[in-house]
Structures are given as structure tokens and as C-alpha cells.
Amino acid sequence: MFSCFRFDNLLLVPNPIRNLRQIANASICTLPNLDPFEESVQHLIEDVGTDPGCVGPKPRFHVNSKGLFAPVPETDKDDLILTSVKFEPILRPDGDDFDFELGDEVFPYRKGNQHDNVKITSDFIKISYKLKSRDDEQDNNRRVFFSSKVVPRMNLVKKLHRLNKNSPAGIPINILVLGFDSTSHATFRRKLPQTVEYLERKLDANVLRGFSIVGDGTTPFTTALLCGKFVGELPRASKRDRERQTVDEWPFIFKDFKQHGYVTMHSEDDPKIATFNLRLNGFLDPPADHYTRPFWIAIENSGVRKAIRKQTTNARVCLGGETLHNFTFNYALSMFDAYKDTPKFAFSYFSYVSHGVPDKLSYVDEDLLKFLKVYHQKYHNNTMLVLISKWIAKYHE
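Definitions and cut-offs
Residues numbered from 1 in each chain as written. Predicted model: local features only at pLDDT ≥ 70, side-chain atom pairs only at ≥ 80, totals over all residues. Heavy atoms only, no water. Helix = DSSP H or I, 4+ residues; strand = E, 2+ residues; numbered from the N terminus. Buried < 20%, exposed > 50% of the residue type's maximum accessible area, 1.4 Å probe, protein only. Contact = heavy atoms within 4.5 Å. Areas by Shrake-Rupley, 256 points an atom, 1.4 Å probe, with all protein chains shown as cover. Pairing = 2+ DSSP bridges. pLDDT = per-residue confidence, 0-100. Expected span 1.5 Å × (residues − 1). Core = buried A, V, L, I, M, F, W, Y, C linked by side-chain atoms within 4.5 Å.

## Regarding the overall build of the protein
Of the regular secondary structure elements, the protein holds 10 helices and 14 strands. The 397 residues of the protein split such that 52% are buried. Considering only contacts within the protein whose residues lie at least 6 apart along the sequence, 76% involve residues at least 24 apart. Roughly 20,400 Å² of accessible area belongs to the protein as shown, and the carbon and sulfur atoms make up 50% of that amount.

## Looking at the sheet that holds strand 14 (residues 383-389)
Spatial strand order, 10-9-13-8-14: 5 strands in an open sheet with parallel pairing. Looking at the sheet topology across the chains shown, the edges are occupied by strand 10 (290-291) and strand 14. Inspection of the sheet shows strand 9 (residues 263-268) paired to strand 10 by 2 bridges, in the parallel sense. Paired with Met265 across the two strands is His290, which belongs to strand 10.

## With respect to the confidence of the model for the protein
Scored by pLDDT, the protein has a mean of 86; 86% of the residues are at 70 or more. Predicted confidence is poor over residues 1-18, with pLDDT under 50, and the contacts of this stretch with residues over four places away or in other chains come to 72 contacts.

## Digging into helix 9 (residues 324-338)
Across its 15 residues, helix 9 extends 21 Å between first and last C-alpha, which sits within 8% of the 21 Å expected from 1.5 Å per residue. Every buried residue of helix 9 is accounted for by Leu324, His325, Phe327, Thr328, Phe329, Tyr331, Ala332, Leu333, Ser334, Met335, Phe336 and Ala338.

## Some points on the nonpolar core
Generally speaking, nonpolar side chains in soluble globular proteins are found buried as a group. One finds Phe146, Leu178, Leu368 and Phe371 to be the most contacted residues of the largest nonpolar core, which totals 54 residues. Here the element with the most residues in this core is helix 9; it accounts for 9 residues. Setting aside residues no more than four positions away along its own chain, Leu178 makes contact with Phe329, Ser348, Phe350, Leu368, Phe371, Leu385, Val386, Leu387 and Ile388. Grouped together as the second largest cluster of nonpolar side chains are 27 residues, Ile175, Leu226, Phe276 and Tyr291 included.

## A closer look at the sheet that holds strand 2 (residues 68-71)
Adjacent strands of a sheet pair through backbone hydrogen bonds, lying either parallel or antiparallel. An order of 1-2-5 is seen for the 3 strands of this open sheet, with the pairing classed as antiparallel. Edge positions in the sheet fall to strand 1 (61-63) and strand 5 (118-119), since each of these pairs with one other strand and no more. Here 2 bridges tie strand 2 to strand 5, and the two strands are oriented antiparallel to one another. Note on strand 5: the bridge partner recorded for Phe69 is Val118.

This is the structure we're talking about:
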């Protein structure tokens with residue numbers, strides 16, 4: 001079973017809004033038929049192309065399909081100091097949604113170790129090594145990379161299978177949600193032409209052309225989506241409050257899926273402006289079984305991330321020679337590979353590539369198309385794919 005939906009903010013409502021619940025149930029306007037390529041607005045749109053120009057070396061080590069630490073295929077090790085190669089798990093501190101910590105260092109190529117057969121037990125690892133040749137761009141001649149790949153938890157699988165048996169889902173399908181910040185319906189069509197064509201012609205996607213505004217900003221939008229509530233209806237969790245309450249008590253949909261035996265994922269890439277952390281106190285406990293926030297905090301605090309900001313105008317979308325959005329795409333797919341026989345609910349939200357600068361959404365087009373082709377080949381028959389977007393970026397002088 002397959003379905004794909006697009007949301008956008010074309011439903012206009014009176015101002016001021018006094019009672020959103022009443023308005024939400026009323027028919028108050030007809031959706032306009034807007035042309036994304038209307039000539040009068042074209043001077044406001046910049047064509048930045050599809051290549052962000054990420055500068056830097058590609059990683060030489062990764063976690064392979066067997067979950068083992070290994071060289072990337074065709075990696076040349078001749079200029080590496082192999083005994084310097086190490087990786088460290090990236091972990092979430094207990095009860096802390098605003099930091100990360102590194103686990104024990106592992107040196108796979110030192111004498112007595114397992115070399116390429118080290119089993120990875122953490123979703124996120126920091127990889128580094130030294131070169132034999134001098135490299136002035138890296139401190140201590142050490143290069144640093146990051147890897148994200150879902151590691152299945154067998155104890156979790158057993159627990160979820162019991163829950164699924166006792167309380168099976170009404171429709172036994174996987175659900176994968178991909179969300180893009182600062183992206184209107186028109187922007188989506190303008191900047192992702194290959195994606196749109198594939199969605200509509202190959203996947204026969206259902207396109208929803210209306211959107212009911214439930215508040216100003218990402219937090220109200222995502223809260224309504226994941227909790228089915230307005231922010232004002234939920235326990236206060238603002239950083240301005242003395243109590244410093246977290247959002248753990250909010251009725252997130254992850255909790256419902258878990259009760260029916262689903263493995264869950266929450267992935268949001270820019271930790272500085274994360275939905276439940278920018279103005280709210282975040283989570284005491286991870287909201288989902290697989291939670292990417294510590295990974296992104298580690299990246300933001302890394303030397304390689306700081307260095308790339310000085311080298312390219314597209315620093316928001318790059319990590320060395322890699323695009324940041326591909327970390328999210330690959331992590332989502334790795335969840336489906338890791339839990340083949342377990343129902344899955346995954347929520348992935350992209351901010352780096354489009355927040356505040358929606359013209360750069362075009363950098364995603366080719367990679368999103370590749371992602372959709374993998375989805376079509378492997379998961380089309382048992383996974384509902386939902387593409388959503390929060391309205392266009394707000395501008396001011």
C-alpha cells in the first residue's frame with residue numbers, strides 16, 4: 001500500500017484568529033490556483049543550481065551492510081597511518097537534550113585488534129585518522145568524519161513483536177514522513193522538478209493542495225502534526241518558565257505507534273533551531289527508539305564543521321565534501337534495512353538545506369529522486385510515504 005501527501009498553507013483565514021477550533025471546522029474560502037512560475041514573481045527567485053559545491057575529502061571508512069567498521073570500497077590506505085584510525089560512539093547524556101558525549105575510543109588497526117571486523121553497536125560514530133603526508137587544513141594532521149546508521153536492538157525487537165501480537169495495528173504498514181522547512185507548495189514545484197515528476201507520474205502520489213495554519217512557526221506546525229494539539233493546549237515547557245518542564249508528557253504519536261509494536265525514529269537535522277529545543281526545554285528521555293539529536297549536536301561542535309564555514313558560502317548544507325541532507329536520507333533507509341520484519345514509523349525533518357533560504361532546496365532534488373527510487377524498488381508495497389512542508393520563509397527588511 002502506498003500513499004504520498006503534500007501539505008501547504010493555501011487556506012486563508014480571517015485575522016485576528018479568535019477561536020481556531022471553530023475556524024478549523026468551517027468552510028471559509030476557496031483554495032486559489034496559484035502558478036509557481038508566474039512571471040511577476042520570477043525576479044524574486046534565484047537559480048542556484050543543484051550542486052552545493054561541498055569542498056573536502058570524502059570519508060574513507062564507514063559502517064558496512066553487516067554493521068562492521070570497514071574501509072569504503074576502493075579506499076587507498078597507502079597514505080594513512082593505520083594505527084591512528086579510531087572511532088568513538090556518539091551518545092546522549094542521560095536526561096540531557098542539549099549536549100552529547102563520546103564513548104570509549106576504539107583503534108581497530110592496532111596490534112591485537114580485529115581490524116575490519118569490529119561490530120558497531122551505536123547508531124552514531126565519530127571517525128578520525130592521520131595522514132602520512134602533511135595536511136595544513138587539519139589540526140594535528142587528523143581528519144574527522146561522522147557516520148550515522150541504525151543499529152538494530154534485538155531486545156527491542158522482541159519487546160515490539162510481543163506488543164504487535166497483543167495489539168496489532170489496524171493497517172499493518174510502515175510510515176515514513178519527510179518534512180522540509182521554509183518550503184511552500186510553489187517552492188517545492190519550482191525547486192524540485194525531478195522529484196515532482198517522479199512523485200506524480202511514477203508513484204501516482206496524492207497531492208493535498210490546502211493547508212490550515214495552526215500557528216506561527218515550526219513548533220506549532222509540528223506539534224499539531226505529531227501531537228494532534230495546539231501548543232497552548234499542552235503542558236507548558238517554555239525556556240522562559242521557572243519550572244523548566246520538558247515536553248515528555250505531550251501526546252506524541254510515537255507513543256501510540258510503540259503501543260502497537262512499531263519501532264520509531266525522530267530525526268531533525270539543525271540542532272540550533274530544533275522544533276522542541278529552540279524555545280522549549282526539549283526531552284528528558286528520547287521521544288523515539290532512534291533519535292538523531294546528539295549526532296547533530298556533535299557535528300555542530302566539530303572542528304570540521306567550523307572549518308567548512310570558512311571555506312564555502314554553502315556551509316549550512318555541507319560537512320566537508322558531503323551534503324548534510326544525505327545523512328538524513330541514508331539514516332532513514334538504514335532503519336528500514338535494520339528492522340525488516342518490524343513495523344516502522346519514521347519522522348525526518350530537514351532544516352539545513354531550506355531554512356531561511358528556500359532557493360537552496362534545489363540542492364536536494366537529485367538526491368531526493370534517488371531516495372524515492374530506492375523507496376519505490378524496496379518499500380513501495382508496504383510503506384506509506386508522506387512528504388510535508390512548512391510554509392515559505394518569512395522575509396523582512
